[in-house]
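# Fold and geometry: a report
Read off the chains here:
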Amino acid sequence: MRKIFFTLLAVILAACSAMQPKSDLQLAREKWQDAAISHYRFNVHISCFCVFTENMPLIVEVNDGEVVSMEYSTGNEIDPQLLELFDRYVTIDRLFDGIENGFEVAGSDQGPADKVTVEYDATYGFPTKIDIDFVEDAIDDELYLAISGFEALP
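Computed from a prediction, not measured in an experiment: that's the story for all the values here.

How each quantity is defined
- Residues numbered from 1 in each chain as written.
- Predicted model: local features only at pLDDT ≥ 70, side-chain atom pairs only at ≥ 80, totals over all residues.
- Heavy atoms only, no water.
- Core = buried A, V, L, I, M, F, W, Y, C linked by side-chain atoms within 4.5 Å.
- Buried < 20%, exposed > 50% of the residue type's maximum accessible area, 1.4 Å probe, protein only.
- Helix = DSSP H or I, 4+ residues; strand = E, 2+ residues; numbered from the N terminus.
- Contact = heavy atoms within 4.5 Å.
- Polar contact = N/O pair within 3.5 Å; in protein donor to acceptor, adjacent residues only side chain to side chain.
- Arc of directions from axis to C-beta.
- Salt bridge = Lys/Arg side-chain N within 4 Å of Asp/Glu carboxyl O.
- Pairing = 2+ DSSP bridges.

Turning our eyes to something else, we now look at the nonpolar core. With 34 residues, the main nonpolar core has Phe-42, Ile-46, Leu-58, Phe-86 and Leu-145 as its most contacted residues. Residue assignment for this core shows that the elements contributing at least two residues are helix H2 (24-35), strand S1 (39-47), strand S2 (58-63), helix H3 (80-87), helix H4 (92-100), strand S5 (127-133) and strand S6 (142-152). With residues near it in sequence (within four places) discarded, Phe-86 still touches Ile-46, Phe-52, Met-56, Leu-58, Met-70, Tyr-72 and Ile-78.

The following block contains the structure:
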């Protein structure tokens, strides 16, 4: 009897989870994956209380998930120490991964950000605006990402 109960419970739970609507993140990521764009260019403006923001946006070209080129729109050279910071924001798949895991701070036991707000592109599903508040009660820890100028390349 107990085995039948647990089997029935498993079937009911599976049916319930299949009926739950997909999140905005899931729908957007599926739209991006369905578009099957492997080579693209876009601008990402990273805004925070940081010294590098006057050089933004970054112009990034990605092919098969790898960054082919990345440069400031101003033409100024990117400080090599900033490349690691920028790395997590310079492909569409990395942005989706960051949204999914709450933009956890690398090398920290802080865990995911307290609040992440996202807007998605209606055509391809990629994120267009991401607001990250790492510690909601702290001041000056927010990070804002704006993705623009997206172009699919041959």
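Further notes follow.
Turning next to the side chain of His-39. Note on placement: His-39 falls in strand S1. The class for His-39 is buried, based on a relative accessible area of 15%. At 2.7 Å, the side chain of His-39 and the backbone oxygen of Pro-154 are in polar contact. Setting aside residues up to four positions removed in sequence, His-39 forms contacts with Glu-61, Val-62, Asn-63, Glu-151, Ala-152, Leu-153 and Pro-154.

The topology assignment puts Thr-91 in the loop between H3 and H4. For Thr-91, a relative accessible area of 2% gives the class buried. Reaching out from Thr-91, the side chain makes a polar contact with the backbone nitrogen of Arg-94 at a distance of 3.0 Å. Those residues in contact with Thr-91 that lie beyond four places of it in its chain are Tyr-40, Phe-42, Val-62, Gly-65 and Val-67.

Moving on, we come to H4. Buried within H4 are the following residues: Ile-92, Leu-95, Phe-96, Gly-98 and Ile-99. The arc that holds every buried residue of H4, seen down its axis, measures 160°, which confines them to one face. Of the surrounding elements, those touching the buried residues of H4 are H2, S1, strand S4 (115-120), S5 and S6. Of the residues one or two after H4, Gly-102 is the one with positive phi, at around 75°.

One pass over the structure, following the stated rule, counts 6 salt bridges. In this structure, Arg-41 and Glu-151 form a salt bridge, with 3.1 Å as the shortest nitrogen-oxygen distance. Remark: Glu-151 occurs in strand S6 and Arg-41 occurs in strand S1; sequence separation between them is 110 residues. Glu-151 sits in the partly exposed class, given a relative accessible area of 37%. Several salt bridges converge on common partners, so that one network encompasses Arg-29, Asp-97 and Glu-100.

Most of S5 is tucked away, with 5 of its 7 residues classed as buried. With 6 bridges connecting them, S4 and S5 associate as antiparallel partners. By the bridge assignment, Lys-115 is partnered in S5 with Asp-133. In textbook terms, the turn of a hairpin is the stretch between consecutive antiparallel strands, and for S4 and S5 this stretch comprises 6 residues, one of which, Gly-125, has a positive phi near 85°. In the sheet, S5 pairs with S6 via 5 bridges, with the strands oriented antiparallel. Its bridge partner being in S6, Ile-130 is matched across the sheet by Leu-145.

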